[in-house]
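Read off the chains here:
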Amino acid sequence: MSEALRATLIGGKGFVGRHLHQALQAKGWNSYVAERDDPRLTTDDLGHVFYCAGLTADFRQRPYATVDAHVHLLSSILQQAKFASLTYLSSTRVYAGATNTQEDAALTVRSHLSGDLYNISKLMGESLCLHGGRNVRVVRLSNVYGTGMPEQNFLADILNAATKTKRVVFRSSPDSEKDYISITDVVRFLPIIATQGEIGIYNLARGRNTTHARIAALLEQFGVSCEFENHAPCISFPPISTLKLESLSGQPELDITSELPALFNHYTKKP
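Keep in mind that this is a model prediction, so the values were computed, not measured.

*Asks:* Explain the pattern of salt bridges to me, using residue names and the numbers behind them.
*Replies:* Evaluated as defined, the whole model comprises 13 salt bridges. Between K244 and E198 there is a salt bridge; the shortest N-O distance is 3.7 Å. Here E198 lies in the loop between helix 6 (183–196) and strand 9 (200–204) and K244 lies in helix 8 (residues 243–249), a separation of 46 residues in the sequence. Take K244: its relative accessible area is 22%, and that puts it in the partly exposed class. Taken together, the shared-partner salt bridges connect D185, R188 and E253 into one network.

This is the structure in structure tokens:
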């Protein structure tokens, strides 16, 4: 099998990694999920590396593990491993508070805020990738949804409540909004970026936000009672620019508003 079809996934047992591994295999790739201490990471030709390792919901409680996953392990791979390309999965969270979400936008982080540890470590990982002299791409992922989402995920949390109790209490205002992208689109675009994209940063997002009010309205169509806490904060992220992604391979095809019925049905059947 040609080198172009070889893939090594680091962090391949997580939500995105599992789906990506299955998608690559379905397309004929020789996809391998490596453990972090696998000696083959520094001895074998890894082909196209997809670096999916990272922490999300619990990064505030595990700061050292967060930096280890986002930076230290990555540094070892970049310095020691043999690979055709490496694609590092970062996050559109780095645009928090920004007015410009193009990939070359200036970003702001504050080291005294615990919530910014995630962004700082991701940006350090990005910088290592882009200045290490290797063939790399950085992909800033938006809020990924699909079957098998982590339980701490916002959508997983409200869908669990909606299907089990028929009642959801939102702890953020109706005007709160995020960009959501389907895992199906994510695993379709990642191999294209890895093999056809130029070295640099790509936003991988839907390109438009969905409000909590819209999600609540859709859930109410299934008989779910939705309410918002009084004086709940507005948690809003700027719309993510997808112009660079679109110029490479077109727009994402799926949308959370059309996918929510199928997700609701999936969670209804969960034990």
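Once you've had a look at it, read on.
*Asks:* Before we move on, could you go through the environment of S173 and cite the residues and values that matter?
*Replies:* Mapped onto the elements of the fold, S173 is located in the loop between strand 7 (167–170) and strand 8 (177–182). In this structure S173 touches H212, F228, A232, P233 and C234, once residues within four positions along its chain are discounted.

*Asks:* Tell me about the packing of aromatic side chains, residues and numbers included.
*Replies:* Enumeration over the complete set of coordinates arrives at six aromatic pairs. Summarising the aromatic geometry, the rings of F154 and F170 are spaced 6.3 Å apart at their centres and angled 55° between planes, so their arrangement reads as tilted. With a gap of 16 residues between them, F154 in helix 5 (residues 154–165) and F170 in strand 7 connect regions that are remote in the sequence. Where F170 meets F228, the ring centres are 4.6 Å apart and the plane angle is 20°; that geometry is what we call stacked. In this pair, F170 is assigned in strand 7 and F228 in strand 11 (residues 225–228), connecting sequence segments 58 residues apart. Judged by relative accessible area, which is 1%, F170 ranks as buried. Residue class for F228 comes out partly exposed when judged on its relative accessible area of 22%. An aromatic cluster is defined as three or more aromatic residues linked by ring pairs; in this entry it consists of F154, F170 and F228. Taking NZ or CZ as reference, R134 lies 3.9 Å from the ring centre of F83, over its face. When the ring centre of F189 is taken as origin, the NZ or CZ atom of R188, which lies over that ring, is 4.4 Å away.

*Asks:* Just give me the short version of the side chain of D255, but keep the residues and values in it.
*Replies:* On the secondary structure map, D255 appears in the loop between helix 8 and helix 9 (256–269). Note on D255: relative accessible area 10%, which makes it buried. Among the polar contacts listed, one links the side chain of D255 to the side chain of T257, at a separation of 2.3 Å. Ignoring sequence-local partners within four residues, the contact set of D255 consists of Y145, R206 and R208.

Parameters at a glance
Residues numbered from 1 in each chain as written. Predicted model: local features only at pLDDT ≥ 70, side-chain atom pairs only at ≥ 80, totals over all residues. Heavy atoms only, no water. Salt bridge = Lys/Arg side-chain N within 4 Å of Asp/Glu carboxyl O. Helix = DSSP H or I, 4+ residues; strand = E, 2+ residues; numbered from the N terminus. Buried < 20%, exposed > 50% of the residue type's maximum accessible area, 1.4 Å probe, protein only. Contact = heavy atoms within 4.5 Å. Phe/Tyr/Trp six-rings, centres within 6.5 Å; stacked < 30°, edge-to-face > 60°. Lys NZ or Arg CZ within 6 Å of the ring centre and 35° of its normal. Polar contact = N/O pair within 3.5 Å; in protein donor to acceptor, adjacent residues only side chain to side chain.

Function cannot be inferred from these measures alone, as they are strictly geometric.
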